[in-house]
Amino acid sequence: MFDRARHALQRLVGAPDAPSGAPLTQWCRQHGLSFSQQGPMAFAVNGAEGARIWRAACGPSTRGYIRGHELLARVHLGRDDGALIVLMNRPLRHDIEAVAHTLFARATDDLQTMAQEVPEEVRWISSLRDTGWQGPPADFWTRHAVFTDDPSAARRWLDDEAVDRLLAWPPGGVTAQTPMLITRQRGRLQLRLQMDPPADPDTAVHALDLLRHLAGQAT
């Protein structure tokens, strides 16, 4: 997936070393990762930070609920504690629920065919508990939904610092309406974030730093 996105970006934009890469270059250098800038809306991050393997790319969206470009980042943790946790902003939850209603309305007796058609995002919100707990401010829960099969693990993972980061994006980057999805499953963290043009390197750095913090919380 990352290779396809990278090749597509190379065809669309070919200006290396764009000025927008400077904050990302600095962040990657600080954490021992490699950074490749391929245009104003195109970059890739790869490497290892200790036992954690990083792969990230910004390019054309691979999901219908993200319009335009997305930042898709993954961190392989090197261990799996069995918890499945999905965090998304509430407008995205409503969009995915609408997809679920459409799919289930078309359900037939062929359950195997139906299962093959259901995206994993729909399976998550259909099968996992929508949870909450005391501690985070009310605007966190107004803005986000957390689905999990292990509420205690979710509460430990989303500590005060993670909550603060999720509520304090750089100005002009991520709003309450911006599609964002963070998952923790099978020893891997993944972030999907809509990146609206012009690309904001501070938003990308904030997103990667958030994912890095969550990786530390999961190990």
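Residues numbered from 1 in each chain as written. Predicted model: local features only at pLDDT ≥ 70, side-chain atom pairs only at ≥ 80, totals over all residues. Heavy atoms only, no water.

Participant: Would you mind going over helix α2 (residues 22–30) with me for this structure?
Facilitator: For an α-helix, 3.6 residues make a turn, and residues three or four places apart therefore share a direction. If you check which residues of α2 are buried, you get Leu24, Trp27 and Cys28. Seen from one end, α2 has its buried residues packed into an arc of 95°, which puts them on one side. Every exposed residue of α2 that faces more than 90 degrees away from the buried side is listed here: Gln26, Arg29 and Gln30. Packed against the buried residues of α2 are β1 (34–39), β2 (42–49), β3 (52–60) and α9 (201–217). The first or second residue beyond α2 is Gly32, which carries a positive phi of 70°. (Buried < 20%, exposed > 50% of the residue type's maximum accessible area, 1.4 Å probe, protein only. Helix = DSSP H or I, 4+ residues; strand = E, 2+ residues; numbered from the N terminus. Arc of directions from axis to C-beta. Contact = heavy atoms within 4.5 Å.)

Participant: Can you walk me through the nonpolar core in this structure?
Facilitator: It is characteristic of soluble globular proteins that their nonpolar side chains tend to be buried jointly. Ranked by internal contacts, the top residues of the largest apolar core, which has 46 residues, are Leu158, Ile182 and Leu193. Of the residues forming this core, the biggest block, eight residues, is contributed by α9. Each residue touching Leu193, except ones within four places of it in the same chain, is listed here: Ile66, His69, Glu70, Leu71, Trp169, Val174, Thr178, Pro179, Met180, Thr203 and Ala207. In this structure, Leu84, Ala100, Trp124 and Leu128 belong to the second largest nonpolar core, which totals 17 residues. (Core = buried A, V, L, I, M, F, W, Y, C linked by side-chain atoms within 4.5 Å.)

Participant: In this structure, what is going on with the side chain of Gln185? I would like to understand it.
Facilitator: For Gln185, the location among the structural elements is in strand β8 (residues 180–185). Taking relative accessible area as the criterion, Gln185 reaches 7% and is therefore assigned buried. A polar contact is formed between the side chain of Gln185 and the side chain of Arg186, at a distance of 3.2 Å. If we skip the residues at most four places from it in the chain, Gln185 touches Ala83, Leu84, Glu120 and Trp124. (Polar contact = N/O pair within 3.5 Å; in protein donor to acceptor, adjacent residues only side chain to side chain.)

Participant: Is there a simple way to explain the pattern of salt bridges in this structure?
Facilitator: Pairs can form between side chains of opposite charge whenever their charged atoms are close. Considering all chains together, one arrives at nine salt bridges under this definition. Between Glu121 and Arg63 there is a salt bridge, with the nearest N and O atoms lying 2.7 Å from each other. Taken together, the residues Glu121 in helix α5 (residues 120–127) and Arg63 in the loop between β3 and β4 (69–76) connect sequence positions 58 residues apart. Ionic pairing is found between Arg192 and Glu70, a salt bridge with its closest N-O pair at 3.2 Å. In this pair, Arg192 is assigned in strand β9 (residues 188–195) and Glu70 in strand β4, connecting sequence segments 122 residues apart. Summarising the burial analysis for this pair, Arg192 and Glu70 share the class buried. Because the salt bridges share partners, they merge into one network encompassing Arg63, Glu120 and Glu121. (Salt bridge = Lys/Arg side-chain N within 4 Å of Asp/Glu carboxyl O.)

In short, shape yes, function no, at least from these values alone.
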